[in-house]
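Each chain is listed here by its residues.
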Amino acid sequence: MDRMEVTETFDGIVLPGHLHTAESLRFARSFQFRDTDVLIATYPKSGTTWMQEILTLVYSQGNLQPAQTIPNWARAPWLEHTYFKEMLREADGPRLITTHLPCQALAPALRKSKAKVIYMARNPKDVMVSFYHFHKLAKFLPDPGSFDDFLMRFLDGKVQYGSWFDHVKGWLSRQKELELFYITYEDLHQDLGRSVARLAAWLGCPLQEEALRVILQHCSFSSMRENVMVNYTLIPREIMDHSQGRFMRKGTVGDWRDHFTPLQNMLFHRLYRENMQDSSLRFHWTMD
Ligand code: PPS
């Protein structure tokens, strides 16, 4: 196994050494964005793969070929990952790039360009549940321990990739300085058609009705779950143990209700309020 037990620390955040090295992180921080680049920024488990698929198809105007033949990590590689340089497509048009890094690490590089950022957030209760299950399958992440332990570490910002609160507040507090489009997993769930059309218009890439129809069909949970280019079944078992669960797990809003005890919910609520009280951000999800 390749650096499976190693962790990298970056600005106080712990990241899996299987995917990150000090060098790959240094490279990410000083990356020269082009004005035409489009960066998908998310905290893990917030709908990154969904957004990668939507943007691929917006730029292909509904042509399914890239989505059906190229894995998502090659179509929209993670800036901070070790393989980024070899995956980045040197095409003239928009390069799709993904990141889970916090805003403070990338804002200086982004400010030097007009690169577009799409920040996608998700109800942290559902993020936490999805992340917990993902830890069981991803062998490059530590054993999550009990659900209760993981929940405490998540609220404390002590999980890999750091604090959800800092991530969301960091990116969204810079909405005005960056070319940033903010959207949530819940928006996509509520009205995928409207969300895709808004995104396409903002990207300056409006869609014909037929292209939109194809995108909606292809980006449904059931369709993406079967697409090997996005469901991570191409990743070998030593890295993702598919017997422990599926990457495309449930794809629902509010799955936390089937996981949290009343006590866990109370604690989550209290810490959510405490952590978000210094922020005037409005979120598109219900915490009850
Ligand atoms: S990662 O590992 O950070 O890239 O994960 P990420 O892609 O951000 O999040 C994975 C969760 O997104 C769900 N997903 C979807 N939900 C609804 N519709 C579609 N099309 C879709 N595609 C991915 C995926 O199932 C994970 O959520 P959970 O709650 O675990 O099912």
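In this text, all values refer to a predicted model and were calculated from it rather than measured experimentally. (Residues numbered from 1 in each chain as written. Predicted model: local features only at pLDDT ≥ 70, side-chain atom pairs only at ≥ 80, totals over all residues. Heavy atoms only, no water.)

S.K.: Quick question: what am I supposed to make of the overall build of the chain here?
M.R.: Each helix and strand counted, the chain has 14 helices and six strands in total. A compact globule built from 288 residues would reach a C-alpha radius of gyration of about 19 Å, and the chain, at 18 Å, matches this within 12%. Dimensions of the chain along its principal axes, counting C-alpha atoms only, are 50 × 40 × 40 Å. When each of the 288 residues of the chain is scored for burial, the buried share is 57%. In the chain, once contacts between residues fewer than 6 apart in sequence are set aside, the share between residues at least 24 apart is 70%. Surface summary for the chain: the accessible area is close to 13,100 Å², and the carbon and sulfur share equals 50%. Of the charged side chains in the chain, 34 are positive and 33 negative; the average position of the first set lies 2 Å away from that of the second. (Helix = DSSP H or I, 4+ residues; strand = E, 2+ residues; numbered from the N terminus. Rg over C-alpha atoms; globule rule 2.2 N^0.38 Å. Buried < 20%, exposed > 50% of the residue type's maximum accessible area, 1.4 Å probe, protein only. Contact = heavy atoms within 4.5 Å. Areas by Shrake-Rupley, 256 points an atom, 1.4 Å probe, with all protein chains shown as cover. Lys, Arg positive; Asp, Glu negative; His and termini not counted. Charge placed at Lys NZ, Arg CZ, Asp CG, Glu CD.)

S.K.: Mind showing me how you'd approach the site of the ligand here?
M.R.: The full set close to the ligand counts 21 residues, and Thr48, Thr49, Ser130, Tyr185 and Lys250 are the nearest of them. In this structure, Cys219 approaches the ligand through a main-chain N or O atom, which is 3.0 Å from a nitrogen atom. Contact distances for the ligand include 2.9 Å between an oxygen atom and a side-chain N or O atom of Arg249. Its free accessible area being 650 Å², the ligand has 97% of it covered by the protein chains. Taken together, the elements giving at least two residues each to the shell around the ligand come down to helix 2 (48–59) and helix 13 (221–226). Here the element with the most residues in the shell around the ligand is helix 2; it accounts for three residues. Of the residues that constitute the shell around the ligand, the class distribution is nine nonpolar, eight polar and four charged. (Near = heavy atom within 4 Å. Polar contact = N/O pair within 3.5 Å; in protein donor to acceptor, adjacent residues only side chain to side chain. Nonpolar A, V, L, I, M, F, W, Y, C, P; charged D, E, K, R; others polar.)

S.K.: Can you walk me through the pairing of strand 6 (residues 179–184) in this structure?
M.R.: Looking along a regular strand, one sees side chains alternate from face to face of the sheet. The element strand 6 is largely enclosed, with a buried count of five among its six residues. By the bridge criterion, six bridges tie strand 5 (residues 116–121) to strand 6 in an arrangement that is parallel. Residue pairing across strands places Ala121 opposite Thr184, the latter belonging to strand 6. (Pairing = 2+ DSSP bridges.)

S.K.: What should I look at first to understand the packing of helix 11 (residues 192–202) against helix 12 (residues 209–218) in this one?
M.R.: Geometry of a packed helix pair, given as the angle between the helix axes and the separation of the axes. At their nearest, the axes of helix 11 and helix 12 sit 10 Å apart, and the two run at 125° to each other. Taken together, helix 11 and helix 12 sit at an angle that is classed as oblique. The two elements helix 11 and helix 12 meet at a crossing, and its hand is right-handed. Each of Leu192, Gly193 and Val196 in helix 11 lies in contact with helix 12, whose residues at this interface are Leu212, Ile215 and Leu216. Class assignment of the residues belonging to the contact of helix 11 with helix 12 gives a composition of five nonpolar, one polar and no charged. (Axes fitted to C-alpha atoms, helices over the stretch in contact; angles between N-to-C directions. Parallel < 35°, antiparallel > 145°, perpendicular 65-115°, else oblique. Left-handed = near helix turned anticlockwise from the far one by under 90°.)

S.K.: What is the right way to look at the nonpolar core in this model?
M.R.: It is characteristic of soluble globular proteins that their nonpolar side chains tend to be buried jointly. Residues Trp164 and Trp171 are the most contacted members of the largest nonpolar core, which totals 96 residues. When residues in this core are grouped by element, the largest group, seven residues, is from helix 7 (residues 124–137). Residues within four places of Trp164 in sequence aside, it is in contact with Tyr43, Arg122, Pro124, Val127, Phe154, Tyr272, Met276 and Trp285. (Core = buried A, V, L, I, M, F, W, Y, C linked by side-chain atoms within 4.5 Å.)

Purely geometric stuff here, so don't read any function into it on its own.
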